[in-house]
Amino acid sequence: MNRVFFPLIALASAALMAISPWFVAKRAFGGRGVLLAPFGVVNPSNARGPWPELGWLGTMFALWAVLALVSVLVYTLTRGQKRARWLYVLGGLGLLLFGLEAYLFYQAVAEINTEALARGVSPRRLPLRRYSLSFGLYVQLFYALFLLVTARLNQPKGQRILVRYRGVVVPAVSMVLAMVVGGAIVWLLRPIPGVREPLSTYAYLVAKLDLVTYTFQLLFGPVLSLSGLFQSALIATPLIFTGLSVAFGFKAGLFNIGAPGQLIMGAIFAMLVGVYLPGPRFFVLPLAIAAAALGGAIWGAIPGWLKARFGAHEVINTIMMNYIALSVMLLLLSKNEWSFFGQKVYLPFKFPGYEPRSYEIRPEARIPMLHKMLGFDGAGPGELSLALPLALVLMLVVYYIFGRRLELGRRVVYALGAAVGGYVLGGFLPGIPATMSPDLASVRLNGAFVIALFAVAFYNFYMWRTKYGYELRAVGLAPKAAEYAGVKISSKLVLTMAIAGAFAGLAATHYVLGGGIDEYRLKQSIPYNVGFDGIAVALMGQNTPIGVTLAAFLFGVLLTGGLQLNLQLGISRELVLVLESLIVLFIAAGGFLPRYFTDPLLAAEALREEEA
Amino acid sequence: MDWISSAFWVALIAGALRQTTPLLFTALGGMFNERAGIVNIALEGIINFGALAAAVTVQQLEAPYLAQDPNVRIWWIPWAGVLAAILAGTLTAWIHAVVSIRYRADQIVSGTAINMLSFGLPSIVLIFLYQNATASKEVVHRVQSIGQYLSSVPGARDFFSTPVGRVLDQSPLVYLAFILVPVAYFALFKTPWGLRLRSVGEHPEAADSLGINVFLMRYHGVLLSGVLGGLAGAYLSIDQINQFIRLMAAGRGFIALAALIFGKWHPFGILGATLLFGFAEAFRIQVEGAGVLPSPILQAFPYVLTMLVLAGFIGRARPPAAIGKPYEK
C-alpha cells in the first residue's frame, strides 16, 4: 500500500460504481434482468415493469465519489494515527451508506409487492420475486472494508496483522485474483442474456458487469439455503479426503499428485470387500472402510518407496500411477473375458450390462445416509435422534475441558470412550420430533462425511501431537537437519506417502460404500479427478486441518453452484475448475504479494522491523 | 503368425515415427528449460493449449472459404494453425516462466496449476465456439504428408507406395522433429548461447558473476519449451487427426519428461528414449486388436515403462544441479 495504489484503488472503485448495476430489480431464469444503475435503468431484454424507480441513485453516487475523494485527500495529507482515525470514520460512513441503500432498495421492492398484494395479485405471482443487490453495492462494501483495513494498518504496528495472518491473506488475495480472471473469461465468452437490440455503451458495460456478477452469485448461491449447504457438504466430503492427502504430502515436502489413482485403488479394494465378503455389519463395514484406506496406502507407498530407494521423483511417478490405476479399473470392470496370448481368462467383477460397473455392495457393508444416522427415514416427520450429536458433544467436552491435564494418549482414549457412551445414551433418550424436508432427504450426504471429519481430527492429531508428525514436518522443512537429528528419511518417505494414499483411498468410501452419487457400486465413471481438486484444497487451506476443511467446503459450494450456472447461463461447470487452477497458480506465486507474506524468515524480519 | 509380415513392419515403423514426434518435440522443449534450471511439469498443459489453438485457428480461418466453396483447399491455413499453436504454447510457457522465475513460485505447483487450467479452460472455449464441451469441429485443412505435397512430382506417387516410401510418407512436422535433434545439439553444446543456458542451470551464482543474465536465460529456456510443446500440440490436433479433443495430450507431457530424464538431458539420448516410447505405443496400437494381451494392460505399458525408467532400472543420470531452485539475486 502506498501513495500510488491508494488513489488508484479509490479511482477504480468510483469508476466501477459508475458503470455497474447497483441493484437487480427483477431476475428471470436464464439471467435476464432489470438492472438499476446510477445513471439509468438498463433493461436489455425489454422486460415489462413495474420496478422501483430509485431517484436517489445519482445522488448516492455523488456521495460515494466525494467519499473516495476525501479518502484520497486524507491519505495524502495525513499520516500515522491521524490518518488511521480519519480512515476509520470514512470507512464507517461507507458502511452506513451501504446499509442505507440496501434498506431503501428492499423497502421500495416491498412497497411495490404490497401494493400488488392489495390489488389482489396472488402471493405466488408477485411482480418482483427475484431481486438482489448487485456489483455496485459489493464494490461499495469492499471499498468501505478496504478503508477500515487500511486504517487498521496505519495504526502503530498495524502492518503486523497482515504478516501474522499471512496464512489467510495469501489464499484470500489469490481467490480474489482468480475471480477477477474468471470474471474476465465470462465477460469475453458469454453474450448478455436476453439482449434484443444493440445496447448503448453504458448499458453494455452495466449488462456485462451484471452477467459476471450473476455468475458468481450463482456459484456462491448454495450457501443461502440449507439443502444447498448439505449438497455442498456432500461434494466437499471427497475433497476433504483428497485435500488431506495432498496436504499430508506437502508437510513432508512431497507433492502427491497421485490422489486420483489412490482413490481408484481404494475404491477397488473397498468394492472387493464390500461385494464379496459375507458377514455381519460390525465386521464387514469397518473392514471395507479399512480396505479402502489400504488400497490407497499401497498405491501411495509404491512411489514413496521408489523415491526412497531409487531417488525417482514422486511427481511423475504418482502421475503414472494414476494412469495405471485407471487401467486396473478398466481391466476389472470393462469386460468379463480377456485373452492373454490366446488364453481366455474370466474375471467375475463386471455386472452384466452395457455400463462398466461392479456388482452392488452388500447391504451390511454400506455406509448409511446421514439422515438415517440422525434417526430419519427419508422425507417427512420423524424424530431427530440424539445419539450422534450427543456423542460429538461429549467427545469434544471431554477432549477439550476434562482432558486438559491428562497425558495425550489417555485424553484421546477418554474422549473416544465418551463418544461411545454418548452414542449409547443418546440412543436410549427420546428423540426430538422434527420434519425432514424432501430437499434435504434427497441429498445423498452419508456417513463418509463423519469419517472425513475424523480424518481431519486424525491429521491434526498425528501432525501436531505426535513424535511421528514432528519428525515428518522436520523432514519437510529441512531434510538434512532432520536426518542429522536421527530421522530415518527413507522409511519416513514411504510411511508419509502411504498415509497420504490412505487418505485419498478413504475418499472411495464416499462413492462406493456410501453411495455418494447414486448407486452402491464401483462404477467406471467414479469422479477420480477430485484427486486433482485436492491440490487446490490443500494449497487454499495452507495444509492446516481447519483450512483444508473450509477450503473443501468452499469448493463444494462452488461446484454445487456450478450446476445452477450450467442450467441458467449455459456456462460450463469447468469454470470452477478454471477458478481452482488459477487459485493454485496464484497461491504458488504468493498472491503476487511482497515476499514477506510467503517467506517465514522474511516475515519474522518484517515483524522485527515493526517492533523497532 | 500372419501379423508378422511386411505390412505389419511398415505400419509399425511408420506408426512409431508418428508416435515419437510429439514426444520428441516436447522432450526437446523440456530439455531446454531443465537445462536452464526450471522444472516444467506444465508441458502437458502446453501441448493441450497448443492443440486447442491450432484446431480452433484452422477452423475459424477455413470457415469463410469453405462457406463459399466446400472443396477449396488453401495451402497456408494449416501453417497458420501451427503458428497459432506455437504462440499459444509460448504464452502458456510464459505464464509458467513469470510465476516461477519472477515470483519464485514452487515450479511443480505452478506447472500443475497450468495443467489443471488446460483441463478446464478448453471446455469453456469449446462450448463458446461449438456448443460442445469435449471436442472441436473437425477441420478440413490438416497438415498433409509430404507424399501428398509432392504428388505432382513425377514418380513420387510410385515411390510413396513402396514399403520404404510408405514409411517415409510422413508429415513435414515429423521431419522437423527429427531435424531439430542435431539442431538442438548444436545450439546447446556448440554455441555461446547454449553454454550460458547450461551454466544458469548448473550454477546460476557463478553464471551471474560472469555477467550472464540468469533470469533472461531462464526465460529463453522456458519459452523455447513453449514453442516446441506448442508444435507437439499442433501435430496432435491438425496433423495426426483433424480436431481438438479434451485432454488431448493424454500424459504425453509427463512421458516426455521421463524420456528427458532417461535421455540424460541430451538431444541424442532424448531421441533414443522417445523412439523407445514411440515404438512401445505403436506396437500397442498394432497388436491391440490381435488379442495378445488385454488392452488395459497394453495401455498401462508406457506408464509402467516410464516408472521403470525413472527408478533408474535402465540407466541413471545426473540432472542439472540447480534444477527446481528459484534464483535469488
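Draft legend 1. Spotlight on the overall build of chain A. Scanning chain A from N- to C-terminus turns up 23 helices and 8 strands. Against the globule reference of 25 Å for 612 residues, chain A gives a C-alpha radius of gyration of 28 Å, in line with a compact fold. When its C-alpha atoms are laid out on the principal axes, chain A stretches across 80 × 70 × 60 Å. Evaluated residue by residue, chain A yields a buried proportion of 51% over its 612 residues. The contacts in chain A between residues at least 6 apart in sequence include a share of 74% that link residues at least 24 apart. Of the roughly 27,800 Å² that chain A leaves accessible, carbon and sulfur atoms contribute 68%. Of the charged side chains in chain A, 49 are positive and 27 negative; the average position of the first set lies 3 Å away from that of the second.

Draft legend 2. Summary view of the packing of helix H8 (residues 172-189) of chain B against helix H9 (residues 192-202) of chain B. All names here are of chain B. The N-to-C vectors of H8 and H9 enclose an angle of 75°; their axes lie 5 Å apart at closest approach. The angle between the axes of H8 and H9 places the two elements in the roughly perpendicular class. Two secondary-structure elements touch here, H8 through Ala187, Leu188 and Phe189 and H9 through Trp193, Gly194, Leu195, Leu197 and Arg198. Residue composition of the contact of H8 with H9, grouped by class: 6 nonpolar, 1 polar and 1 charged.

Draft legend 3. Representation of the packing of helix H12 (residues 252-262) of chain B against helix H14 (residues 295-310) of chain B. All names here are of chain B. Following both chains from N to C, one finds H12 and H14 inclined at 35°, their axes separated by 9 Å at the closest point. Considering how the two elements wind past one another, H12 and H14 form a crossing that is left-handed. Side by side, H12 and H14 meet where Ile255, Ala258, Ile261 and Phe262 of the first sit next to Pro302, Tyr303, Thr306, Val309 and Leu310 of the second. Classifying every residue of the contact of H12 with H14 gives 8 nonpolar, 1 polar and no charged.

Draft legend 4. Layout of empty space enclosed by the protein. All names here are of chain A. For the structure on display, the rule yields 4 cavities of 30 Å³ or more. If you add up the space inside the largest cavity, you get close to 50 Å³. Lining the largest cavity are Gly31, Arg32, Gly33, Leu35, Pro44, Ile192, Pro193, Ala207, Asp210 and Leu211. Within the residue set of the lining of the largest cavity, elements represented by two or more residues are strand S2 (33-37) and helix H7 (201-220). Its residues assigned to classes, the lining of the largest cavity shows 6 nonpolar, 2 polar and 2 charged.

Draft legend 5. Representation of the nonpolar core within the structure. Counting residues in hydrophobic clusters, the biggest one holds 207 residues, and the most contacted among them are A:Phe248, A:Phe255, A:Leu522, B:Leu28 and B:Ile238. Looking at which domains feed residues into this core, each of domain 1 (5-156 + 191-224) and domain 2 (226-367 + 447-570) of chain A gives three or more. Discounting chain neighbours no more than four positions away, the residues touching A:Phe248 are A:Tyr459, A:Tyr462, A:Met463, A:Leu472, A:Thr496, A:Ile499, A:Ala500 and A:Phe503. Listed in part, the 37 residues of the second largest apolar core include A:Trp22, A:Trp64, A:Leu87 and A:Ala108.

Draft legend 6. Local environment of the interface of chain B and chain A. Of the residues lining the interface, 50 residues belong to chain B; the matching set on chain A comes to 47 residues. When the buried area of chain B at its contact with chain A is split by residue, B:Met116, B:Ile124 and B:Met307 rank highest and sum to 16% of it. At the boundary of chain B and chain A, one finds 1 salt bridge. In this structure, B:Arg246 engages A:Glu574 in a salt bridge whose closest nitrogen and oxygen atoms are separated by 3.7 Å. Where chain B touches chain A, the interface holds 2 residue pairs in polar contact (both at pLDDT 80 or more). When contributions to the side of chain B that touches chain A are tallied by element, the ones reaching two or more residues are helix H3 (76-102), helix H4 (107-130), H12 and H14 of chain B. Ranked by the residues each element gives to the side of chain B that touches chain A, the list is headed by H4(B), at 16 residues.

Draft legend 7. Summary view of the sheet that holds S2(A). The strand order across the open sheet formed by 4 strands is S3-S2-S1-S4 (chain A), and the pairing between neighbours is antiparallel. Whereas interior strands pair on both sides, the edge strands pair on one side only; in this sheet they are strand S3 (40-42) and strand S4 (132-133) of chain A.

Draft legend 8. Spatial organisation of the environment of A:Val284. Residues and elements named next belong to chain A. Tracing the backbone shows Val284 in helix H10 (residues 281-310). On the accessibility criterion, Val284 (0% relative accessible area) is buried. In sequence terms Val284 and Leu36 are 248 residues apart; their C-alpha atoms lie 60 Å from each other.

Conventions used here
- Residues numbered from 1 in each chain as written.
- Chains lettered and ligands numbered in written order.
- Predicted model: local features only at pLDDT ≥ 70, side-chain atom pairs only at ≥ 80, totals over all residues.
- Heavy atoms only, no water.
- Helix = DSSP H or I, 4+ residues; strand = E, 2+ residues; numbered from the N terminus.
- Rg over C-alpha atoms; globule rule 2.2 N^0.38 Å.
- Buried < 20%, exposed > 50% of the residue type's maximum accessible area, 1.4 Å probe, protein only.
- Contact = heavy atoms within 4.5 Å.
- Areas by Shrake-Rupley, 256 points an atom, 1.4 Å probe, with all protein chains shown as cover.
- Lys, Arg positive; Asp, Glu negative; His and termini not counted.
- Charge placed at Lys NZ, Arg CZ, Asp CG, Glu CD.
- Axes fitted to C-alpha atoms, helices over the stretch in contact; angles between N-to-C directions.
- Parallel < 35°, antiparallel > 145°, perpendicular 65-115°, else oblique.
- Nonpolar A, V, L, I, M, F, W, Y, C, P; charged D, E, K, R; others polar.
- Left-handed = near helix turned anticlockwise from the far one by under 90°.
- 1 Å grid on protein atoms, 1.4 Å probe; cavity = no way out; pocket = protein on both sides within 12 Å on 5 of 7 lines; lining within 4 Å.
- Points joined across faces, edges and corners; volume = space filled by probe spheres on them.
- Core = buried A, V, L, I, M, F, W, Y, C linked by side-chain atoms within 4.5 Å.
- Domains from an automatic or database assignment.
- Buried area = accessible area lost by both parts, 1.4 Å probe.
- Salt bridge = Lys/Arg side-chain N within 4 Å of Asp/Glu carboxyl O.
- Polar contact = N/O pair within 3.5 Å; in protein donor to acceptor, adjacent residues only side chain to side chain.
- Pairing = 2+ DSSP bridges.

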